[in-house]
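Each chain, written out:
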Amino acid sequence: MTYFADLSSRQVAALPDDERVPVLLLPLGAIEPHGPHAPLGTDPLISRGMCERAAERLAADDDVHVLVLPEVPYGVTRFAAGFAGGIHIGEETLHALLVDIGSALIGQRLKRILLVNNHFEPAHLVTLRRAVETLNFAYDGRVALLDLVRRRHAQRLTEEFRSGECHAGRYETSLVLADRPELVDQALMRTLPHVPVSLAAAPEDGGFREMGMTEAYCGRPAEATAEEGTETFSTLTDLLVEAIRELARE
């Protein structure tokens, strides 16, 4: 089975004694506007898609047993303020939620948990990193974050991702087209002009509008294709499988 929540209680109880090392994947993101063309749930959709692909790739593996936890779709998203659909939760709320989820699993001897995130607002990332530290030091976990903005990971992704012009642009829209094309308004998408705003240069105060993202997107969504999304998902899955194997060795 791929999904943790599909298991019975007895099956979960048997996981720590499995010959294969159990690694639990927790997809993360935020519900927030992704331009006028893409769904609010773009970030958790991508995270879930990565997890499902990695679990499928490792389904017959002799060393690891990968299971996908129910996603946490809410995150720190102050940048989206002023646009319809954004659901922001505070840093302490997110930290407490992740620590509670993680500690409940660690208490059942399921210590290896990998956070898989595709929402890159700086305050959100800081909170995820802090939750990992809390779980590892306070609860003796083996918890990690696949941090895609780290240079060694980002350099393997697309040029738009590396530029920082990747909120609902070509990069993210391509990924949604590869997984759920019916959720993208493709006719509208093709009319959208390039918005040359890099999230890497985001101000400490303000949000999308203040950055110049008047339609809550940056980059070049008009150039998005399902083919690019499929290729990018393959690279993201490579990164995730590598992180799973690294965590399983700890």
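Cut-off values and rules
- Residues numbered from 1 in each chain as written.
- Predicted model: local features only at pLDDT ≥ 70, side-chain atom pairs only at ≥ 80, totals over all residues.
- Heavy atoms only, no water.
- Helix = DSSP H or I, 4+ residues; strand = E, 2+ residues; numbered from the N terminus.
- Buried < 20%, exposed > 50% of the residue type's maximum accessible area, 1.4 Å probe, protein only.
- Lys, Arg positive; Asp, Glu negative; His and termini not counted.
- Salt bridge = Lys/Arg side-chain N within 4 Å of Asp/Glu carboxyl O.
- Contact = heavy atoms within 4.5 Å.
- Phe/Tyr/Trp six-rings, centres within 6.5 Å; stacked < 30°, edge-to-face > 60°.

So, about the side chain of Glu 121. Inspection of the secondary structure puts Glu 121 in the loop between strand E3 (112–117) and helix H4 (122–138). Of the side chains bearing the opposite charge, Arg 78 lies closest to the buried Glu 121, which forms no salt bridge; the N-O distance is 5.5 Å. Excluding residues within four positions of it along the chain, Glu 121 makes contact with Glu 32, Val 76, Thr 77, Arg 78 and Phe 79.

With that out of the way, let us pick up the packing of aromatic side chains. According to the stated counting rule, one finds 4 aromatic pairs in the structure shown. Centroid distance Phe 83 to Phe 208: 6.4 Å. Interplanar angle 55 degrees. Geometry classified as tilted. Residue Phe 83 is found in the loop between strand E2 (64–68) and helix H3 (91–106), and its partner Phe 208 is found in helix H9 (residues 208–211); the two are separated by 125 residues along the sequence. Residue classification places Phe 83 among the buried positions, given a relative accessible area of 16%.

For the rest of this paragraph, the subject is the pattern of salt bridges. Scanning the entire structure with this criterion turns up 16 salt bridges. Between Arg 48 and Glu 71 there is a salt bridge whose closest N-O contact spans 2.6 Å. On the criterion of sequence distance, the pair formed by Arg 48 in helix H2 (residues 42–57) and Glu 71 in the loop between E2 and H3 is long-range, its members being 23 residues apart. Of the residues examined, Arg 48 reaches a relative accessible area of 26% and is grouped as partly exposed. Members of the salt-bridge network, linked through shared partners, are Arg 170, Arg 220, Glu 223 and Glu 228.

Purely geometric numbers; function is a separate question.
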